[in-house]
Amino acid sequence: DKHSRGVNKMNHNLIKVISLSIFSVIATIFVSSAALGTVLYIPAVKAEQGKSFNVPVMIDHVDNLAGIKLVMKYNTEFLTFKKAVKTRNTSPLMHIVNSKKPGTLVVVMAGARGIKGKDFSILTVTFELKTDLKNKQDTKINITEIQLMSDQLKDIKCDIKINPITFLAGTGNLAEKPGKKTGKKTEKPVEKVVKKPAEKPAVKPGKGIEKNDKCTLDQLFSN
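Residues numbered from 1 in each chain as written. Predicted model: local features only at pLDDT ≥ 70, side-chain atom pairs only at ≥ 80, totals over all residues. Heavy atoms only, no water.

1. Section: the overall build of the protein
Okay, step 1: The secondary structure content of the protein amounts to two helices and twelve strands.
Okay, step 2: At a minimum sequence separation of 6, the contacts of the protein that also span at least 24 residues come to 77%.
Okay, step 3: For the protein, the accessible area works out to roughly 16700 Å², and carbon and sulfur atoms hold 56% of it. (Helix = DSSP H or I, 4+ residues; strand = E, 2+ residues; numbered from the N terminus. Contact = heavy atoms within 4.5 Å. Areas by Shrake-Rupley, 256 points an atom, 1.4 Å probe, with all protein chains shown as cover.)

This is the structure we're talking about:
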């Protein structure tokens, strides 16, 4: 009868609406999952003038990562490179650091087995922020070249996000210049006679010599 046909039609339409809703939810989840690709990024860092500080190189959503090549550029007017070391997560990988050209840092990591994880550090780079920076407020470490590879020699695509290094006032801040006028006469400091310390004996050859890039490369290739 008409009533039964009406009920059946309503049920059919209801099933259709529910099916479309479920399909829409599944499609949304699929698109969201696909959008969560690998991202290499440098978080925001604060640095005090005249002091050393660490810049972590982070990676998010990566699987089977066995090879890394990074070429990073930094401004030598503000930063002095100190070192670049692996982290606990990348400890299984061999790494080579080339810092011979001021302003350019090349890092290569490789291993037989890949690593995976979410939001972890792959490298810690240490710089020293110079003094007398005047009105400059920040700078960035630019990544000009990147290659990520799996242990099956397949490229891993990734996005790059760089946050700035913000300068904080320190001992070398020119905002605090000595000799400001205060309305009072400045008395000359009394000169003190300082005895010269006894000269230290010459350092024997082979002692106190810091490892350079060539030494690091020779060590890595000799193992």
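2. Regarding the packing of aromatic side chains
Okay, step 1: Enumeration over the complete set of coordinates arrives at four aromatic pairs.
Okay, step 2: Following the ring pairs from residue to residue traces out a cluster consisting of Phe53, Tyr74, Phe81 and Phe127. (Phe/Tyr/Trp six-rings, centres within 6.5 Å; stacked < 30°, edge-to-face > 60°.)

3. Details of the pairing of strand β4 (residues 62-73)
Okay, step 1: Pairing geometry for β4 and strand β7 (residues 104-117), over nine bridges, is antiparallel. Each residue of the ladder has a partner; that of lysine 69, found in β7, is valine 108. (Pairing = 2+ DSSP bridges.)

4. Considerations on the pairing of strand β8 (residues 120-129)
Okay, step 1: Taking burial as the measure, the ten residues of β8 include nine buried ones, the bulk of the element.
Okay, step 2: In terms of strand pairing, strand β5 (residues 79-86) meets β8 through seven bridges, oriented antiparallel. Paired with phenylalanine 81 across the two strands is phenylalanine 127, which belongs to β8. (Buried < 20%, exposed > 50% of the residue type's maximum accessible area, 1.4 Å probe, protein only.)

5. Description of unusual backbone geometry
Okay, step 1: The backbone of histidine 61 sits at a positive phi, close to 55 degrees, despite the residue not being glycine.
Okay, step 2: Tracing the sequence through the fold places histidine 61 in the loop between β3 (52-60) and β4.
Okay, step 3: With relative accessibility at 25%, the residue histidine 61 sits in the partly exposed group.

6. Describing the confidence of the model for the protein
Fine structural detail should not be taken from predicted coordinates in areas where pLDDT scores are low.
Okay, step 1: Residues at a pLDDT of 70 or more form 60% of the protein, whose mean pLDDT is 75.
Okay, step 2: Here residues 171-187 is modelled with pLDDT under 50, and outside its nearest four sequence neighbours on either side it reaches eight contacts, counting other chains as well.
Okay, step 3: Taken as a whole, residues 200-223 scores under 50 in pLDDT and shows ten contacts with residues more than four places along the chain or in a different chain. (pLDDT = per-residue confidence, 0-100.)

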